[in-house]
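# Architecture at a glance
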Amino acid sequence: MSSQLNAPGIAKDDQERIVQSGIDFNLENRCGSYLQVDQNIVESECRQEGIEVLSFKKAMEKHAWLKDYLWKAVAKDKDEITKYVAEQPDPKGYVIIAHKGSKNILPIQACLYLGRETIQHVHNIIIAEEGAELHMISGCASSGHIGEGAKHYGVSEFYIKKDAKISFTMIHTWNENVEVFPRSASIVEENGVFLSNYVCMQPVKKVQMYPTATLKGENSVARFSTIAIASPTSYIDVGSRAILEGKGASAELLTRAITKGGTIISRGQIIGKTAGTRGHLECKGLILKDGMIYAIPEIDGRVVGTELSHEAAVGKLAQDEIEYLMARGLSEDEATATIIRGFLDVKIAGLPEALQKQIDATIDVAEKAGF
């Protein structure tokens, strides 16, 4: 594996945008790396024993059995986005396999960079085999100079086998002209754990996604954490969904949303299909400038013995809290930033320290820019 991530043709200011998305060009704290610029695969490597990072094409050539996983978590005819990706004669994207019992302490990073007005399409498959543990940072970014017409279509399928774990942190740093349509789903087996974290704090034209975790195995777990800030030109329609099928399965869906004049639609759904399952859904929103936060929490219990709950709240910054901090020497801007940072300070149980630090660093950048 190379000692530094090569980024040909990417301007210095755009490299900084990639860094803000959690990508480490020096690879000091990463065990593997995937970089795709538009539709060109620049790097796909991993130095961790037992874990493979491959381009979609190379993975299909190397492992014939991967065909059994194609379009099993996400249906190819789900909508026009999945149909578009399925119809591509030359599929792009990555396949990451943590083989049985393997574990990475340093995360793998995957960077999807959009540098021109085109449709970037990817089909990703991530597998943690029995007893494996896989940690990932997915940094999605675009050039700050990209114009109208740029789109990202991304299909991601996650498979968490018995006693396995995947923690996946996705950080978006697009610009105000880019439209983004991720389509992802995960299947979690017995005692499996899936931690999914999504952070979008920079301007974007549109994001629309609704990742789903199907908890098939006994005592399987899924936790979704979403942090989103909508600028005046942003339309962000995000959420998460958990289907509790295995006995003892549990899910937690947590969202923190802030509008600075844009629109955020926060969806969440938990379906309890088996007795002995538990789920909680929570959405909290702050309106800093006139915009819209529309929370749609759904709990769907279908059997005796499932326990589901939800709470949602949207409001403004409390003036008394600002005044309290100002009385202790902070300026109004400093007091406001302190309160917002506390609002966004979500600690995810079971998340590796390296990934939590990356989320905290992203919040730091937004704070310095004045949220």
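Preceding this section is the structure that the text describes.
Residues numbered from 1 in each chain as written. Predicted model: local features only at pLDDT ≥ 70, side-chain atom pairs only at ≥ 80, totals over all residues. Heavy atoms only, no water.

Okay, the sheet that holds strand β16 (residues 250-260) next. Overall, mixed pairing links the ten strands, which are arranged β2-β1-β5-β7-β9-β11-β14-β16-β18-β20 in an open sheet. Looking at the sheet topology across the chains shown, the edges are occupied by β2 (40-46) and β20 (307-315). Across the sheet, the mean angle separating the axes of adjacent strands is 5° when strand polarity is ignored. Strands β14 (221-230), β16 and β18 (278-289) of the sheet are contacted by helix α5 (residues 332-344), whose axis makes an angle of about 155° with β16. Strand contacts of helix α6 (residues 353-368): β7 (133-142), β9 (165-173), β11 (193-200) and β14, with the helix running at about 15° to β9, the strand carrying the most contacts. (Pairing = 2+ DSSP bridges. Helix = DSSP H or I, 4+ residues; strand = E, 2+ residues; numbered from the N terminus. Axes fitted to C-alpha atoms, helices over the stretch in contact; angles between N-to-C directions. Contact = heavy atoms within 4.5 Å.)

Take empty space enclosed by the protein next. Considering all chains together, one arrives at three cavities of 30 Å³ or more under this definition. Residue lining of the largest cavity: 30 residues in total, with F168, M170, P182, S184 and M209 positioned closest to the centre. When contributions to the lining of the largest cavity are tallied by element, the ones reaching two or more residues are β6 (119-128), β7, β8 (151-160), β9, β10 (179-188), β11, β14 and β15 (235-244). Top contributing element to the lining of the largest cavity by residue count: β10, with five residues. Taken together, the residues of the lining of the largest cavity sort by class into 14 nonpolar, 15 polar and one charged. Taken as a whole, the second largest cavity spans an internal volume of roughly 60 Å³. Around the second largest cavity, the lining is made up of 13 residues, and of these S266, R267, G268, L281 and C283 lie nearest the centre. The set of elements that each furnish at least two residues to the lining of the second largest cavity consists of β16, β17 (263-272), β18 and β19 (292-301). (1 Å grid on protein atoms, 1.4 Å probe; cavity = no way out; pocket = protein on both sides within 12 Å on 5 of 7 lines; lining within 4 Å. Points joined across faces, edges and corners; volume = space filled by probe spheres on them. Nonpolar A, V, L, I, M, F, W, Y, C, P; charged D, E, K, R; others polar.)

L134, M136, I166, F194 and I236 are the most contacted members of the largest nonpolar core, which totals 55 residues. Here I236 is in contact with C200, V204, V207, A228, I229, A230, T263, I264 and I265, once residues within four sequence places are set aside. Core analysis: the second largest hydrophobic core is formed by 23 residues, I171, L317, I339 and F371 among them. (Core = buried A, V, L, I, M, F, W, Y, C linked by side-chain atoms within 4.5 Å. Buried < 20%, exposed > 50% of the residue type's maximum accessible area, 1.4 Å probe, protein only.)

It is a probe the size of a water molecule, rolled over the atoms, that shows where empty space is left. Put simply, the largest pocket is a space of about 190 Å³. What lines the largest pocket is a set of 15 residues, and nearest its centre among them are A73, K78, S184, A185 and T212. At the level of elements, β10, β13 (212-215) and β15 are the ones that each hand at least two residues to the lining of the largest pocket. Looking at side-chain class alone, the lining of the largest pocket contains seven nonpolar, four polar and four charged residues.

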